[in-house]
Amino acid sequence: MIKVGIIGSTGYAGQELVRILLQHKEAEIVWYGSRSYIDKKYASIFGNLFELVDASCMDDNIDELADKVDVIFTATPQGLCASLIKEEILSKVKMIDLSADFRIKDVDTYEKWYGIQHKSPSYIKEAVYGLCEVNREKIKQARLVANPGCYPTCSFLSIYPLVKEGLLDTNTIIIDAKSGTSGAGRGSKVDNLYCEVNENIKAYGVAGHRHTPEIEEQLSYAAGETVMINFTPHLVPMNRGILVTAYASLKKQVSYEEVKEIYDSYYKKEKFVRVLEKDCYPQTRWVEGSNYVDVNFKIDERTNRIIMMGAMDNLVKGAAGQAVQNMNLLFGLPEEEGLELVPMFP
């Protein structure tokens, strides 16, 4: 059994890690870390786990934790993992960080967009960006995995095949994305109160959302050139889910069949990316509670542009599910272990 420790187990992503790992045949959670709830019964915080989890929350003593587990998940705010990591820890355990601390390879870019000083820049180069569909072989050899952000995962997987094949004018990419409120975390904020969110939709982080450089960096790797995008996220009154609608100009005329063949060639062997049938467009309700990403596209012949769409659960494939997928790769397990979650409806 893989012994697992979670730092930040009482956030939304942390609790989702617990939910998924309790169904994992090869994993055992031995450390439920939470600064806010030390010594408090975990199931008293999340009643859905009553009689399923008997453990109490512990602190985030990573030195002690590293002696007790095989892998550590850090589902924490930006900056914490970078402040904890050191060679002594990585020599003992694998680490999967769900924050942005090691996603962006340029430390100046990270510090500019996140507004904090990076505490361990020497590990940025080593960290592997944990997008399994692209970096699978690198992940298998890693000590430190940077779990991708939710918006970047959905955006990238929706666009990636056409960028990689050079069909898009990368100077024209526009990404419109919408997320449920759990993407903002479990902390108390006025903007997340029921009366603020209900019966409302709003754009935020306009022309400055911190996931922008992450999306640009990964698309640049795929394109083999620098990619700059417009990215605008929106908050919608639902608990879970991300819907991405991306637009770009085509470099040449292509048929539906040609584009469909490209998507199928990239994703036909990918368990968790589903390319939908013609004129069937992604919806968050069909992926909720699962590790699936549904993608599709529509060619607008009138404007010579293409519309690329994706939907996924921001807490599963956008966070905890993808983290477990990475863990499976790190330990040589079937990638889908613990993740064959049928989407919930309604």
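Scroll up a little and you will see the structure.
Since we're looking at a predicted model, the values are computed, not measured.

Of the volumes computed, that of the largest pocket is approximately 1400 Å³. What lines the largest pocket is a set of 49 residues, and nearest its centre among them are G183, A184, G185, R186 and R210. Broken down by secondary-structure element, the contributors of at least two residues to the lining of the largest pocket are α1 (12-21), α8 (150-164) and α12 (316-330). When residues of the lining of the largest pocket are assigned to their parent elements, the largest contribution, three residues, is made by α1.

Turning to the pairing of strand β2 (residues 27-33), a few remarks are in order. The buried fraction of β2 amounts to five of the seven residues, a majority that puts the element mostly inside the structure. For strand β1 (residues 2-7) and β2, the ladder comprises six bridges, and the chain directions are parallel. Residue pairing across strands places V4 opposite I29, the latter belonging to β2. Handedness of the β-α-β unit built from β1, α1 and β2 comes out right-handed.

In this section: the sheet that holds strand β4 (residues 94-97). Strand order in the open sheet formed by six strands is β2-β1-β3-β4-β6-β5, and the pairing between neighbours is parallel. Of all strands in the sheet, those with a lone pairing partner are β2 and β5 (128-129), marking the two edges. As paired elements, strand β3 (residues 71-74) and β4 share four bridges and run parallel to each other. Looking at β4, one finds that I72 is bridged to M95.

To continue, consider the packing of helix α7 (residues 132-140) against α12. When two helices pack together, their arrangement is given by the angle between the helix axes and the distance between those axes. The interhelical angle for the contact between α7 and α12, taken along N-to-C directions, is 40°, at an axis separation of 9 Å. Put simply, α7 runs oblique to α12. For the crossing formed where α7 meets α12, the hand is right-handed. Residues C132, E133, R136, I139 and K140 of α7 form the contact with α12, whose participating residues are K317, Q322, Q325, N326, L329 and L330. Class assignment of the residues belonging to the contact of α7 with α12 gives a composition of four nonpolar, three polar and four charged.

Rules of the game
Residues numbered from 1 in each chain as written. Predicted model: local features only at pLDDT ≥ 70, side-chain atom pairs only at ≥ 80, totals over all residues. Heavy atoms only, no water. 1 Å grid on protein atoms, 1.4 Å probe; cavity = no way out; pocket = protein on both sides within 12 Å on 5 of 7 lines; lining within 4 Å. Points joined across faces, edges and corners; volume = space filled by probe spheres on them. Helix = DSSP H or I, 4+ residues; strand = E, 2+ residues; numbered from the N terminus. Buried < 20%, exposed > 50% of the residue type's maximum accessible area, 1.4 Å probe, protein only. Pairing = 2+ DSSP bridges. Right-handed = clockwise from strand over helix to strand, strands pointing away. Axes fitted to C-alpha atoms, helices over the stretch in contact; angles between N-to-C directions. Parallel < 35°, antiparallel > 145°, perpendicular 65-115°, else oblique. Left-handed = near helix turned anticlockwise from the far one by under 90°. Contact = heavy atoms within 4.5 Å. Nonpolar A, V, L, I, M, F, W, Y, C, P; charged D, E, K, R; others polar.

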